[in-house]
Amino acid sequence: MDISVIIPTYNREAFIGRALDSVLAQSSQPAEVIVIDDGSTDSTAALLRQSYPEVTYVYQENQGVSSARNAGVAIAQGDWLALLDSDDEWLPAKLAAQSAALSQNPEFRICHTDEIWIRHNERVNPMRKHEKSGGWIYEKCLPMCVISPSSVLIHRSVFDNVGGFDEQLPACEDYDLWLRICASYPVLFVDDLLLKKYGGHEDQLSRKFWGMDRFRVHAMEKMLSTGPLGAHQRTATLRELLRKFRVLLNGARKRNNDQFMLTCSQKIAAYEKLEVGNP
């Protein structure tokens, strides 16, 4: 199985060495490792040239993580693409376990794994709502992102079919992609802890933007207008969209954001009319 590893990064010289070391320590080595540097101004380039000469390093002007990932997908040579965020870390058996699972289940085109959460250098337990699973999980993807980019192994044909990451979204770009993928593909889940997912950094997108559901409702509206949804998927999307707009409306009231309150109210009224026509 030819696997290309794609690592987007931006000013993370303190973390990217750990991520790369975890790739190079894999019991089953990938065919190539690609780092897309999204305009770093720190010493990332020097670090990679000096310590990781075997890695394909590409620099681009800062355009966001979606652009960086898409750039990696565009130049990758492998049929299978593994994503790894530059602040995360794989356990040594990660790629081998996924390769074996996919060999045993060749009908699947996307595979993800369970993960360990690290916050402020301490392990924390995910809540039940974050529990991972496999199969046709589109409806489970609607409330929140239930697949971690660093855990996935995806066949190139999936990107050819559904497209890449939405470069217009400043956050929740992974949520948007998983909706598009999971509406059309079942997901293979390897129920092993094969990823260390680190959080709590000041530069994380979830800390940068308020009201992350703003970006999720945008993704769901796209699914309703252009997504390949069956009747049950469409109904579930509509109901979750209404729920999120109501949450956003309450948040707008607390912030006295009159313009956003009006937008949310209008959206709720429009989607309530649509919901009446759904079973």
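Above this text you will find the structure in question.
What counts and how
Residues numbered from 1 in each chain as written. Predicted model: local features only at pLDDT ≥ 70, side-chain atom pairs only at ≥ 80, totals over all residues. Heavy atoms only, no water. Core = buried A, V, L, I, M, F, W, Y, C linked by side-chain atoms within 4.5 Å. Buried < 20%, exposed > 50% of the residue type's maximum accessible area, 1.4 Å probe, protein only. Helix = DSSP H or I, 4+ residues; strand = E, 2+ residues; numbered from the N terminus. Contact = heavy atoms within 4.5 Å. Phe/Tyr/Trp six-rings, centres within 6.5 Å; stacked < 30°, edge-to-face > 60°. Lys NZ or Arg CZ within 6 Å of the ring centre and 35° of its normal. Axes fitted to C-alpha atoms, helices over the stretch in contact; angles between N-to-C directions. Parallel < 35°, antiparallel > 145°, perpendicular 65-115°, else oblique. Left-handed = near helix turned anticlockwise from the far one by under 90°. Nonpolar A, V, L, I, M, F, W, Y, C, P; charged D, E, K, R; others polar. Salt bridge = Lys/Arg side-chain N within 4 Å of Asp/Glu carboxyl O. Pairing = 2+ DSSP bridges.

Caption draft 1: Molecular detail of the nonpolar core. Within the largest apolar cluster, 54 residues are counted, with the highest numbers of intra-cluster contacts made by Tyr-138, Ile-147, Ile-154, Trp-178, Leu-179, Ile-181 and Phe-245. Considering each element in turn, this core owes the most residues, 8 residues, to helix α10 (residues 231-254). Once residues lying within four places of it in the same chain are set aside, the contact partners of Trp-178 are Ile-110, Cys-145, Ile-147, Ser-148, Pro-149, Val-152 and Ile-154. By size, the runner-up hydrophobic cluster in this structure holds 26 residues, among which are Ile-3, Val-5, Tyr-52 and Ala-82.

Caption draft 2: Up close: the packing of aromatic side chains. Applying the stated criterion to the full structure yields 2 aromatic pairs. Considering the side-chain rings of Phe-165 and Trp-178, the 6.4 Å spacing of their centres and the 75 degrees angle between planes classify their relative orientation as edge-to-face. Of this pair, Phe-165 sits in the loop between α6 (156-162) and α7 (173-182) while Trp-178 sits in helix α7; the two residues are 13 residues apart in sequence, bridging distant segments of the chain. Each of the two residues, Phe-165 as well as Trp-178, counts as buried. Aromatic side chains Phe-245 and Tyr-271 sit 6.2 Å apart centroid to centroid with 20 degrees between the ring planes, which places their arrangement in the stacked category. Placement of Phe-245 in helix α10 and of Tyr-271 in helix α11 (residues 258-276) is noted, with a sequence separation of 26 residues between them. There is no split in this pair, since Phe-245 and Tyr-271 are both buried. Geometry around Trp-117 places Arg-119 over its ring, the cationic atom sitting 4.8 Å from the centre. Positioned over the ring face of Tyr-175 is Arg-216, at 5.9 Å from the centre of the ring.

Caption draft 3: Inspection of the packing of helix α9 (residues 213-226) against α10 at higher detail. Contact geometry for α9 and α10: axes closest at 10 Å, N-to-C directions at 150 degrees. It follows that α9 is roughly antiparallel to α10 by the angle criterion. In this structure, α9 crosses over α10, and the sense of that crossing is left-handed. Here α9 contributes Asp-213, Arg-214, Arg-216, Val-217, Met-220, Glu-221 and Leu-224 to the contact with α10, which in turn contributes Arg-234, Thr-237, Leu-238, Glu-240, Leu-241, Lys-244, Phe-245, Val-247 and Leu-248. The residue makeup of the contact of α9 with α10, split by class, is 8 nonpolar, 1 polar and 7 charged.

Caption draft 4: Here's a closer look at the pattern of salt bridges. For the structure on display, the rule yields 14 salt bridges. For the salt bridge of Glu-173 with Arg-69, the shortest nitrogen-to-oxygen distance reads 3.0 Å. With Glu-173 in helix α7 and Arg-69 in helix α3 (residues 65-75), the pair connects residues that are 104 residues apart, well separated along the chain. For Arg-69, a relative accessible area of 2% corresponds to the buried category. Put simply, Lys-222 and Asp-176 hold a salt bridge, and the shortest N to O gap is 2.9 Å. Pair noted here: Lys-222 is in helix α9 and Asp-176 is in helix α7, with a separation of 46 residues, a long-range link. For Asp-176, a relative accessible area of 1% translates into the label buried. Via salt bridges that share partners, Asp-213, Arg-216, Glu-240, Arg-243 and Lys-244 belong to a single interconnected network.

Caption draft 5: Local environment of the pairing of strand β4 (residues 80-83). Side chains Trp-80 and Ala-82 of β4 all project onto a buried face; the interleaved residues Leu-81 and Leu-83 project onto the opposite face, where all are buried too. In this structure, strand β1 (residues 3-9) lies alongside β4, joined through 4 bridges in parallel fashion. Within the sheet, the bridge partner assigned to Ile-6 lies in β4 and is Leu-83. Sheet analysis places β4 next to strand β8 (residues 153-155), joined by 3 bridges and oriented antiparallel. What sits directly across from Leu-81, in β8, is Ile-154.

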